Structures are given as C-alpha cells and as structure tokens.
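Architecture at a glance
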Amino acid sequence: MMTTAHTGVIVHNSYRQIQSNMYPQQIIDALSHVRYPGNGKNLIESGMLEDDIRISGLEVSFSLIFDKQNDPFLHSVVKAAETAVKTYADKNAAVNIHTKFRKQIVPLETEQVLPEVKQIIAISSGKGGVGKSTVAANLAVALAQAGKKVGLLDADIHGPSQPKMFHTEDARPVLAPVEGRELIEPIEQYGVKMLSIGFFVETGSAVVWRGGLASNAIKQLITDANWGELDYLLIDLPPGTSDIHLTIVQTIQLTGAIVVTTPQPVALIDARKGVDMFRNEKVGVRVLGIVENMSWFTPRELPENRYYIFGKDGGKELAEELNVPLLGQIPLVQSIREAGDEGLPIALQKGHPAATFYQEIANTLINTKE
C-alpha cells in the first residue's frame, strides 16, 4: 500500500509538470503586478482585462482592452503582461494575448483642426510661480534651434507673459487671406511663431473675462490662426485646472502634456493634481514627463555650488512615484531670469551652461516616439 501510494505521488507530480494547474484567479493576480503607465494603476484596477480568460493545459489566452489603437504603451504593456503570467502563474505557460479597443468620443473638429501640425504639447503647472512660462519659452526656442518648425500659443489668459519674454510686447498680429479665409498671422521671433492674448489687450491692463469668453478667445487663437506647417506647437496653459484646459482638449488632439513644478512640497501637491487631470478618463492626454524647475540655486560667483532652497529632488521623486519620465532638473540661476526679462530667452545662447538644460529637454522630446 505504501509503495502504491508513493508511486501515485510520482505519477501525479509528472502529470502536473506537463498539464499545469493554472486557474483564472492566478492570471488575474499576476496581471495585478503590471502597471499601465498612462495612469499608474495596475491592469486590473484600470479595467483593462476582458472577462475571457481561457486555460487549456499550459496554454493561456485573454484580452487586454486599450482606449485607442495607437496607444503608446500597447506593446510594452502586452509584453509585461506575458512576463507576469510566466512569473507568477507558470513559467512554462504559452501566453496568447489579444488586444481590444474601447470606442472613443472624438472631439468635434479634431480631425480638421491644425492638420499641418505634427505634435501639439501642453505645458502645464498645478500652481503659478513655478516658472512654467519660462520653461515654455526656452523649450520653444531650443526646439527651433534644433532645426524644428515651432509655434507657441500663450494660453495663459490672465497672465500672458510670452510677449515680454520674446521682446514682442508692441507687436499687433494682422489678418491675412489664406485659402479664402481671413486668418490671424502669428508673430515670428527667434524662429518661433507665437500668439498671445497679450497682443490684443493694452499692456498693463488686466484681462477680466468670464470662463466662456476666455475659452472662446483661446479657441479662436487656435482655429483662426495661420499656424501653417509645424513640427511642434507648444501651448503655455494657465496654472491649475480650468475651462481653458477643457476647451483645448476638446478643440485639438494633444500629443501630450508636460507638467512643470518646483521641488517644494506645496508645489508638488498641485503638480500631482495636474498629472491626474491629464490622466483622467475624460481628458485622456499622455503625460510626457515632469520638469523640475528651480531645483537648486547657483550663485554667479560660485558656479560650482548648489543650494537646495526649495528642497531636493521633489520633482524627481514625484515622477518616479507616478511612473512618468523626469524630463529635466533646471536650476535657479540669475542668467535665466535676466534673459527672460530682457526678452532674449537663455536658450538662444548655445553653449551657455544654463541653455544646455533646455536643449537636453528638447532633445529628449525630439527622440520620444509618439
């Protein structure tokens, strides 16, 4: 009897090695270890697993649901899901993953608006005073210096600062006939086509508009302007979240968004909200990364010294926590501030130590696949 029982165990173990004993909950548990980069949640929390798990011996099949066919994370997520099943369920599993796509509500006019613009990137911040407009201006110039065709829309209705930074405060855009339409001609400076609400109001006058009026004005600067052929259109958004953000998302198809913050904990709270806004299912905009601004202070007379006035690596740690790229850490240096106030963005000075920070971010964007 003892010998028979022993033999039975051996046979049973051999059978398990061939057939496996996987069951659906193991697959679900395995996929809970895979995070979707678009929202930082795992595949189960994100509702991406279809209810069609099939197991036959060592063969496993199931479907993952994505929002759109050109999801930038599709291939990496499918690969990670396959690896997770082999790691947490059965290393010998033959995994077959199907991909499905949810029906999307396409914003009105999305396909018609700005067909000649390859990439449209929003520059955002959770709160004011973190240097978002300075980053937008220098990034636009750095991209232009890299040989790209660049446009910059200053959508910060209540605090337009790009005319000052581009030394175009007295400029007044004109209308020009384009294919039977009267379109606003952007002001071109330093190789960047630029429009701002600041061009249409008196310098020093406050823009006191209700949300609907402000949104309509921004929409007009997008749809009724002669932007022409561009590699990049950067949109300098107002701080926080508002009707302006929703108007832009509903009017044009954004390639992605960049969130600017300082390393200070108070700023990081709002930066986190900014990332969450873009990742919200009603917005669904890819977060290209975080820029940590004012990362440290370097005095002109002591260029090797670093003083972490607003804290150290706060933006870097937030990027790691939210699983988004850290595009760069930019110091608080006098030359960046002076260049902006003079209307000559520091990125114009190729080879300047401060300019290299923006050039590196521009290069990262250029090398980032859609």
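Heads up: these notes are all about the structure in this document.

What counts and how
- Residues numbered from 1 in each chain as written.
- Predicted model: local features only at pLDDT ≥ 70, side-chain atom pairs only at ≥ 80, totals over all residues.
- Heavy atoms only, no water.
- Helix = DSSP H or I, 4+ residues; strand = E, 2+ residues; numbered from the N terminus.
- Expected span 1.5 Å × (residues − 1).
- Buried < 20%, exposed > 50% of the residue type's maximum accessible area, 1.4 Å probe, protein only.
- Axes fitted to C-alpha atoms, helices over the stretch in contact; angles between N-to-C directions.
- Left-handed = near helix turned anticlockwise from the far one by under 90°.
- Contact = heavy atoms within 4.5 Å.
- Nonpolar A, V, L, I, M, F, W, Y, C, P; charged D, E, K, R; others polar.
- Phe/Tyr/Trp six-rings, centres within 6.5 Å; stacked < 30°, edge-to-face > 60°.
- Lys NZ or Arg CZ within 6 Å of the ring centre and 35° of its normal.
- Pairing = 2+ DSSP bridges.
- Right-handed = clockwise from strand over helix to strand, strands pointing away.

**Overview of helix α4 (residues 132-145)**
- Taking 1.5 Å per residue as the helical rise, α4 with its 14 residues ought to reach 20 Å, and the 20 Å between its terminal C-alpha atoms agrees with that figure.
- α4 sits mainly inside the fold: 13 of its 14 residues count as buried.
- Just downstream of α4, G147 is the residue with a positive phi angle, here 95°.

**As for the packing of helix α8 (residues 265-279) against helix α9 (residues 314-322)**
- It is the contact of α8 with α9, at a shortest axis distance of 11 Å, that shows an interaxial angle of 35°. In the crossing of α8 with α9, the sense of the turn from one axis to the other is right-handed. Side by side, α8 and α9 meet where L268, A271, R272, V275 and R279 of the first sit next to G314, G315, L318, E321 and L322 of the second.
- Of the residues contributing to the contact of α8 with α9, the split by class is five nonpolar, two polar and three charged.

**Looking at the packing of aromatic side chains**
- This structure, assessed with the given rule, holds six aromatic pairs.
- Aromatic pair W296 and Y308: ring centres 6.4 Å apart, planes at 65°, arrangement edge-to-face. Note that W296 is positioned in strand β12 (residues 287-297) and Y308 in the loop between β12 and α9, a separation of 12 residues in sequence.
- Judged by relative accessible area, which is 33%, Y308 ranks as partly exposed.
- Among the aromatic residues, ring-to-ring pairing joins Y36, F66 and F73 into one connected group.
- We note R306 situated over the ring of W296; from NZ or CZ to the ring centre the distance is 3.7 Å.

**Digging into the sheet that holds β12**
- Sheet architecture is open: eight strands sit in the order β8-β9-β5-β10-β4-β11-β12-β13, paired in mixed fashion. Every other strand in the sheet has two partners, leaving β8 (187-189) and β13 (326-332) as the edge strands with one partner each. Direction aside, the axes of adjacent strands within the sheet are offset by 25° on average.
- Strand direction decides the pairing type here: strand β4 (residues 117-125) and strand β10 (residues 230-236), joined by six bridges, are parallel. Within β10, the residue paired with Q119 across the bridge is Y232.
- Packing of helix α11 (residues 355-366) onto the sheet brings it into contact with β4, β10, β11 (256-261), β12 and β13, and relative to β13 it is tilted by some 170°.

**Comments concerning the pairing of β12**
- Extensive coverage of β12 is indicated by the burial of 10 of its 11 residues.
- For β11 and β12, the ladder comprises five bridges, and the chain directions are parallel. From the neighbouring strand, V259 faces β12, where its bridge partner is I290.
- At this point the chain moves from β11, through α8, to the parallel β12, and the crossover so formed is right-handed.
- The pairing of β12 with β13 spans five bridges and is parallel. By the bridge assignment for β13, F297 is matched with L332.
- In this fold, the crossover linking β12 to β13 by way of α9 has right-handed handedness.

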